[in-house]
Amino acid sequence: MKRFLKDIVYVTCILICLIVAVEVIQYYVSDNNYSYKTKYIFNHRNSIEGLILGHSHTLRGIDPVLLGKNVFNNAESGKWIYYDAKELSKYVPLMSNLQYVIYPIGYDMPQGYLSCHYEYDHHFKKEESHDYNIHMYAKYEHIPYDRFPLKLTAFSSFLTDNLAYEEITGHRDCDSLGFEILDSTIHCSINWDTIHLVHLPDSEITKLPSKYYDEYKEYLTEMASICHQYNVRFVCVTTPCYKTYINKTSTRGIEMLYDLIDSVATKYPIEYYNYLSDEEFRADSFYYDCSHLNYIGAKHFTKRLKKDLGL
Amino acid sequence: MLFNSIEFAFFLPIVFLLYWFLTPSGKNGPRYSLFRYWHVSEQTALRIQNAFVLIASYIFYGWWDWRFLLLIAFTSFCSWGSGLLIGQSVSSAQSVDGHKKAKAWMIANIILNLGILAVFKYYDFFVSEFGQLFGISTDSLLLKIILPVGISFYTFQALSYSIDVYRQKIEPTKDIIAFFAFIAFFPQLVAGPIERATNLLPQFLQKRTFSYDQATDGMRQILWGLFKKIVVADNCATYVDQVWATYDTQTGSTLLLAAVLFTFQIYGDFSGYSDIAIGTAKLFGIKLMRNFNNPYFSRDIAEFWRRWHISLTTWFRDYVYIPLGGSRPEVPAHIQNPDRYKKLIIVRNTFVIFLLSGFWHGANWTFIAWGAYHALLFLPLILLGKNRKYTNQVAEGRLLPTWKESGQMLVTFMLVVLGWIIFRATGMPSLFHYLEGMLQWGTLRASYRFFLPNEWLVFPMNIYIIIMLVVEWINRNQEHGLQNIERFPILSNKLVRYMLFAVFFVLIYLFRGGYQTFIYFQF
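Residues numbered from 1 in each chain as written. Chains lettered and ligands numbered in written order. Predicted model: local features only at pLDDT ≥ 70, side-chain atom pairs only at ≥ 80, totals over all residues. Heavy atoms only, no water.

Concerning the overall build of chain A
Defined as follows: A run of H or I in DSSP counts as a helix once it spans at least four residues, and a run of E counts as a strand once it spans at least two, with each numbered from the N terminus. Accessible area is worked out with a 1.4 Å probe on protein chains only. A residue is then buried under 20% of its type maximum, exposed over 50%, and partly exposed in between. In what follows, residue pairs with any heavy atoms lying within 4.5 Å of each other are defined as contacts.
Assigned secondary structure in chain A consists of 14 helices and five strands. Expressed as a percentage of its 311 residues, the buried residues of chain A come to 56%. In chain A, of all internal contacts separated by at least 6 residues, the share reaching a separation of at least 24 is 79%.

Remarks on the overall build of chain B
Here is the rule we go by: Residue burial considers only the protein chains on display, and all accessible areas are found by Shrake-Rupley using a 1.4 Å probe.
Helix and strand counts for chain B stand at 19 helices and zero strands. Contacts in chain B between residues at least 24 apart in sequence constitute 75% of all its contacts with a sequence separation of at least 6. Summed over all atoms, the accessible surface of chain B reaches about 22800 Å², with 66% contributed by carbon and sulfur.

Considerations on the side chain of A:Thr221
The residue A:Thr221 is located in helix H11 (residues 211-229) in this model. Not counting residues up to four positions away in its chain, the partners in contact with A:Thr221 are A:Val264, A:Lys267 and A:Tyr268.

As for unusual backbone geometry
Note on backbone geometry: most residues besides glycine have negative phi, and most peptide bonds are trans. At A:Asn231, a position not held by glycine, the phi torsion is positive, near 60°. If you trace the backbone, A:Asn231 turns up in the loop between H11 and strand E4 (233-238). With a relative accessible area of 71%, A:Asn231 lands in the exposed category. Notably, B:Ala395 is not glycine yet its phi reads approximately 50°, a positive angle. Take B:Ala395: it is sitting in the loop between helix H14 (365-383) and helix H15 (403-424).

Quick word on the nonpolar core
Residue and element names in this part refer to chain B. Worth spelling out the cut-off: In this description, a nonpolar core means a group of buried Ala, Val, Leu, Ile, Met, Phe, Trp, Tyr and Cys residues linked to one another through side-chain atoms lying within 4.5 Å.
Ranked by internal contacts, the top residues of the largest apolar core, which has 156 residues, are Tyr-296, Trp-308, Trp-420 and Tyr-434. The leading source of residues in this core is helix H10 (residues 252-283), at 17 residues. Apart from residues lying up to four places away in sequence, Tyr-434 is in contact with Val-243, Trp-244, Tyr-247, Leu-255, Ala-258, Ala-259 and Ile-421.

Points about the packing of aromatic side chains
The line we're drawing: Pairing of aromatic rings covers Phe, Tyr and Trp, the last counted by its six-membered ring, and requires centre-to-centre distances within 6.5 Å; plane angles under 30 degrees mean stacked, over 60 mean edge-to-face, and any other angle means tilted. Either the NZ atom of lysine or the CZ atom of arginine qualifies as a charge over a ring when it sits within 6 Å of the ring centre and within 35 degrees of the ring normal.
Tallied over the entire structure, the rule returns 74 aromatic pairs over all chains. A:Arg3 extends its terminal NZ or CZ atom over the ring of B:Tyr212, reaching a point 3.6 Å from the ring centre. Cation over ring: B:Arg424 sits above B:Phe262, and NZ or CZ is 5.8 Å from the ring centre.

With respect to a nonpolar patch on the surface
Residue and element names in this part refer to chain A. Put simply, the rule is: Patches here are clusters of residues that have more than 30% relative accessible area and form no salt bridge, with a 9 Å joining cutoff for like charges and a 5 Å cutoff for nonpolar side chains (Val, Leu, Ile, Met, Phe, Trp, Tyr). A pair is scored as a salt bridge if a Lys or Arg side-chain nitrogen falls within 4 Å of a carboxyl oxygen belonging to Asp or Glu.
On the surface, a nonpolar cluster with roughly 640 Å² of combined accessible area is contributed by Ile-16, Val-20, Val-24, Ile-25, Tyr-28 and Val-29. Inspection of the secondary structure assignment puts Val-20 in helix H1 (residues 2-29). For Val-20, a relative accessible area of 46% translates into the label partly exposed.

Things to note about the environment of B:Phe270
By the element assignment, B:Phe270 lies in helix H10. Counting along the chain gives 37 residues from B:Phe270 to B:Ala233, while the straight-line C-alpha distance between them is 8.9 Å.

Re the pattern of salt bridges
A side chain with one charge can pair with a side chain of the opposite charge if their charged atoms come near. A full pass over the atoms with the stated rule returns 26 salt bridges over all chains. Where A:Glu87 meets A:Lys79, a salt bridge forms, and the shortest distance between an N and an O atom there is 2.7 Å. Given the relative accessible area of 1%, A:Lys79 is considered buried. Residue B:Lys229 pairs with B:Asp234 through a salt bridge whose shortest N-O separation is 2.9 Å. A single burial state applies to B:Lys229 and to B:Asp234, both of which are buried. By sharing partners, the salt bridges in this structure join A:Asp278, A:Glu280, A:Arg304 and A:Asp308 into a single network.

Here we look at the sheet that holds strand E2 (residues 71-73) of chain A
All names here are of chain A. The criterion, for reference: Between any two strands, at least two bridges found by DSSP are needed for them to pair. Axis definition: a line fitted to C-alpha atoms, limited for helices to the stretch in contact. Angles are taken between N-to-C directions and run from 0 to 180 degrees.
An order of E2-E1-E3-E4-E5 is seen for the five strands of this open sheet, with the pairing classed as parallel. This sheet does not close on itself; its edge strands, each paired only once, are E2 and strand E5 (271-274). In this sheet, adjacent strand axes meet at a mean angle of 15° when their direction is disregarded. Across three bridges, the pairing between strand E1 (residues 50-52) and strand E3 (residues 100-104) is parallel. When the sheet's bridge partners are listed, Leu-51 is paired in E3 with Val-101.

A look at the pairing of E3(A)
All names here are of chain A. With five of five residues buried, E3 lies mostly within the body of the structure. Residues Tyr-100, Ile-102 and Pro-104 line one face of E3 and the alternating positions Val-101 and Tyr-103 line the opposite face, and both faces are buried. In this sheet, E4 lies alongside E3 in parallel orientation, the contact comprising five bridges. In the sheet register, Ile-102 faces E4, and the bridge partner there is Val-235.

A look at the side chain of B:Arg220
All names here are of chain B. We apply this condition: What qualifies as a polar contact is a pair of N or O atoms within 3.5 Å, subject to a donor-acceptor requirement within protein and to the restriction that residues adjacent in sequence count only when both atoms come from side chains.
The residue Arg-220 is located in helix H9 (residues 212-245) in this model. According to the relative accessible area criterion, Arg-220 is buried, its value standing at 10%. Of the polar contacts made by the side chain of Arg-220, one reaches the backbone oxygen of Leu-482; its length is 3.4 Å. For Arg-220, the contacting residues outside a window of four places in its chain are His-480, Leu-482, Gln-483, Asn-484, Ile-485, Glu-486, Arg-497 and Phe-501.

Worth remembering: the numbers are spatial, not functional.
The structure is reproduced here in structure tokens:
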């Protein structure tokens, strides 16, 4: 038994050494979306004119090439507004040429217009991919998440996600300007019918705790304030969604979204564009799934946005 | 609790240490044993250790759903009780009456166990099929209850006990704790191997001693099983699931590739599970039966079935096929054409076991079709007396197979792939659509995906599969991919071996696929 346990200890020691070595090597050598974007922004801080923030809706929905020459897409899948606010306060003071910031509003609001997402899934980071995000932002942006529920999930993500394959190989989904193309020829069927999404009636939405809504408002205000301070246009957009998704949205949620924008706009300037139910984006061929534009849709949407923003 | 979960990573070492802490011993026993200092009889110590195995197994199972523990306990109790009654009837009365009684108890136990299985697994299927056939709405009659994990496995294990007691292959045990531990032993409780009472129960009735060689071999087998499950099967699953979710829009090449990958997925998944189960049991000084023996290196379908899910195949062979007459049925005196009669019985028996085997997997016509498909492939071999042509390992004594052997393996493999399409389909309509789609060849988009990273796959999965096949080919005469690897000069050094194991762990961690449960949990 002693010999066996000794052997286990030896193998474990070798294993720990290997993991540490791999971790260190990949951190300094290989690129992934997070490290690439951090480096890009820092290296191009004096030339970036437009910065796109937010989550998968903008990551896959706005092609920076079509918006202008010096535009960078810094959105990342499943990103919660907390990170955008922290990134903005970190980078805007360094960016001498920044003209505008685009933020996708509504989708990740805890009590936003999409009631099916009321569970604050972007906030609590319940899913594995969100645990992964926590680590990535802490590791590459040095933005730790200091909220209570994350202490526990951060530990579990250390065990399960810290050495995810993407980190090791430098797997990068985004292109050189931070945009991630979703193949237009493949429609993902999994999220197409929104069968997994729960529709909450208005009466239920009003019963939800306001804590997370208030927090969202706090970060949005913070972003608007920074942009105002550095004379940068703060543009909020609600990206188009497919009809199956829109059917699950709630009137009360949309009202709350408008209230939120109004309340921030009383303090700082905000430009708001809502494309959620825009007739121009009804075609099936524009969508990868019920809430994400594919490459064709992204092209179309970016051109429209460019026109509306007067760029 | 899943073998590939963090919970199990904590559970296993704790149970391992406590188990050996409770190893029965006298004053001169191992220093780690409690009973070296606390003197009780060896029998009592063994019971305490078995009780600990039982508690650990129930925690393992209850982690998933504690309510179904009652079902396992009930099944165990009934089988244990029926075993005693069968034993009493057989031994106390050497008369026709005694045997009749014993037979009645055995049949009662079979009906009870299969009845429970039928309610949980097949009731809704039969009711809805009946409703469809006669155009009746059966919604209100459906039970819609979840299938208890592992019910098909432990039910068959319990059945084997009462049948073997009836056949006097094993003495009925009075030790209820040992018997309950035999039914619920956690490494093989939820997905086998389906153990025979003749092999596993005696191990619970005698003292186990820790063996360094057995434990290290167990650790290697666990490692190899984790590689097959987490790296091979889970990576294949990502692709396979995506294709099956959108099969109506995919090209023929994509569908063919997904079918091939499912073939590796199900092998990696199930044989990986079996390796982890067998390896874990070895850590506790218990030897479970082998469940897979390189099935994809088979030269014909008969050989494939001797190597795939061995514990289930041999279960059906011993408890269904042979009692039905097997391939050498007795011919009644009044039969005029004995050869024809024999052939008919063989055809019937072959279909019976393959259809039962398919139906065992679940209440779906696709499983029955899968069984029938394999029966059709198997029949020519058995009728021509060629079903036992290949009983040895392929390319024995050689590094590489001959061209003929390679061709035979490839043909068998492709036949098996076709079978897995039937198995994987969610229903008959989807099966036909999938097969139809495969004929529309279209572009080879999917094929290059096989070799390049893309949005579904983070790494070309062919590398994982090649590693698995090469390792298993080299070690095909061993029980698993990492057994006795020290015989290779390069791995004779301990440190090199440790490095290799650590590298394997890192590979598992780095190249793991998406989190997937085990396919055979649903059966």
